[in-house]
Amino acid sequence: LVNGYALCQGYAEVYSYLLSLVGINSTTISSQDHIWNAVELNGDWYNVDLTWNDTTQSYIYFNITDKELSLDHETAPHYSELTDSEIVGTETEAGIWFNVYLPECTETTYSYANIKD
């Protein structure tokens, strides 16, 4: 990230690390080809995609709901929804991406769109 080589995983992992330093709970969320964060603020969860905020040079992906995120992000399934062979793979096919924890992100209190100057 510092040297300009990080992709989405780098953004998400650094953000999670920085949040942990200030005592904010977070997790990373994956799709088949992307990764972003879910952040807990005052007991509610929000999606944050720093990579897409950076590439759009906006804050539209800062503290958004699952519904808003689903307009252009597809979340990989929770591991409990998959069979063992889908998780691990087979001799001829690799396992698929999955999420271990998927918090429900429905709150809008701290959404960037709701912040007033």
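This text follows the structure it describes.
Cut-offs applied
- Residues numbered from 1 in each chain as written.
- Predicted model: local features only at pLDDT ≥ 70, side-chain atom pairs only at ≥ 80, totals over all residues.
- Heavy atoms only, no water.
- Helix = DSSP H or I, 4+ residues; strand = E, 2+ residues; numbered from the N terminus.
- Buried < 20%, exposed > 50% of the residue type's maximum accessible area, 1.4 Å probe, protein only.
- Lys, Arg positive; Asp, Glu negative; His and termini not counted.
- Salt bridge = Lys/Arg side-chain N within 4 Å of Asp/Glu carboxyl O.
- Contact = heavy atoms within 4.5 Å.
- Phe/Tyr/Trp six-rings, centres within 6.5 Å; stacked < 30°, edge-to-face > 60°.
- Polar contact = N/O pair within 3.5 Å; in protein donor to acceptor, adjacent residues only side chain to side chain.
- Pairing = 2+ DSSP bridges.
- Axes fitted to C-alpha atoms, helices over the stretch in contact; angles between N-to-C directions.
- Disulfide = S-S within 2.5 Å.
- Expected span 1.5 Å × (residues − 1).
- Arc of directions from axis to C-beta.

Enquirer: So what exactly am I meant to see when it comes to the side chain of D49 here?
Expert: For D49, the position within the fold is in the loop between β3 (44-48) and α2 (50-56). Buried within the structure, D49 lacks any salt-bridge partner; its nearest side chain of opposite charge belongs to K67, at an N-O separation of 19 Å. For D49, the contacting residues outside a window of four places in its chain are H34, W36, Y61 and H73.

Enquirer: When you look at the packing of aromatic side chains in this model, what are you seeing that I'm missing?
Expert: The way to describe two aromatic rings as a pair is by their centre distance and the angle between their planes. Under the defined criterion, the tally for this structure stands at four aromatic pairs. With centroids separated by 5.4 Å and ring planes inclined at 90°, the aromatic side chains of W52 and Y61 adopt a geometry described as edge-to-face. Looking at W52, the relative accessible area reads 26%, which means it is partly exposed. Aromatic pair Y59 and Y112: ring centres 4.8 Å apart, planes at 40°, arrangement tilted. Placement of Y59 in the loop between α2 and β4 (62-64) and of Y112 in the segment after α4 (84-88) is noted, with a sequence separation of 53 residues between them.

Enquirer: Could you clarify how one ought to interpret the side chain of S26 in this entry?
Expert: Summarising the element assignment, S26 is placed in strand β1 (residues 26-30). A polar atom in the side chain of S26 sits 3.2 Å from the side chain of S16. If near-sequence neighbours (up to four positions away) are discounted, S26 is found in contact with S16, L19, A38, V39 and W45.

Enquirer: Looking at this structure, I do not really get the sheet that holds β4. What am I missing?
Expert: By way of backbone hydrogen bonds, the strands of a sheet pair with one another, either parallel or antiparallel. As summarised here, the arrangement of the four strands in space is β1-β2-β3-β4, forming an open sheet in which the pairing is antiparallel. Unpaired on one side and paired on the other, β1 and β4 mark the two borders of the sheet. With strand direction ignored, the average angle separating the axes of adjacent strands in the sheet is 40°. As paired strands, β3 and β4 are joined by two bridges and run antiparallel to one another. Paired with V48 across the strands is F62, a residue of β4.

Enquirer: Mind showing me how you'd approach the state of the cysteines here?
Expert: As used here, a disulfide is simply a covalent bond connecting the sulfur atoms of two cysteines. What the rule picks out here adds up to zero disulfides. For the unlinked cysteine C8, the closest cysteine sulfur is that of C105, found at 17 Å. According to the relative accessible area criterion, C8 is buried, its value standing at 16%.

Enquirer: Any chance you could explain helix α1 (residues 8-21) here in plain terms?
Expert: Side chains that are three or four residues apart share a direction in an α-helix, a result of its 3.6 residues per turn. Helix length check: α1, at 14 residues, gives a terminal C-alpha distance of 20 Å against a target of 20 Å (1.5 Å per residue), a fit within 8%. Every buried residue belonging to α1 is among C8, Y11, A12, Y15, S16 and L19, and all of these are buried. Down the axis of α1, the sector holding all buried residues measures 125°, keeping them to one side. Exposed residues pointing more than 90 degrees away from the buried face of α1 are listed as Y17 and L21.

Enquirer: I tried to follow the environment of D49 on my own but got confused; where do I start?
Expert: Owing to a relative accessible area of 0%, D49 belongs among the buried residues under this scheme. Each C-alpha atom, one on D49 and one on Y11, is 8.6 Å from the other, the two residues being 38 residues apart in sequence. Polar contacts involving the side chain of D49 include one to the side chain of H73, which spans 2.6 Å.

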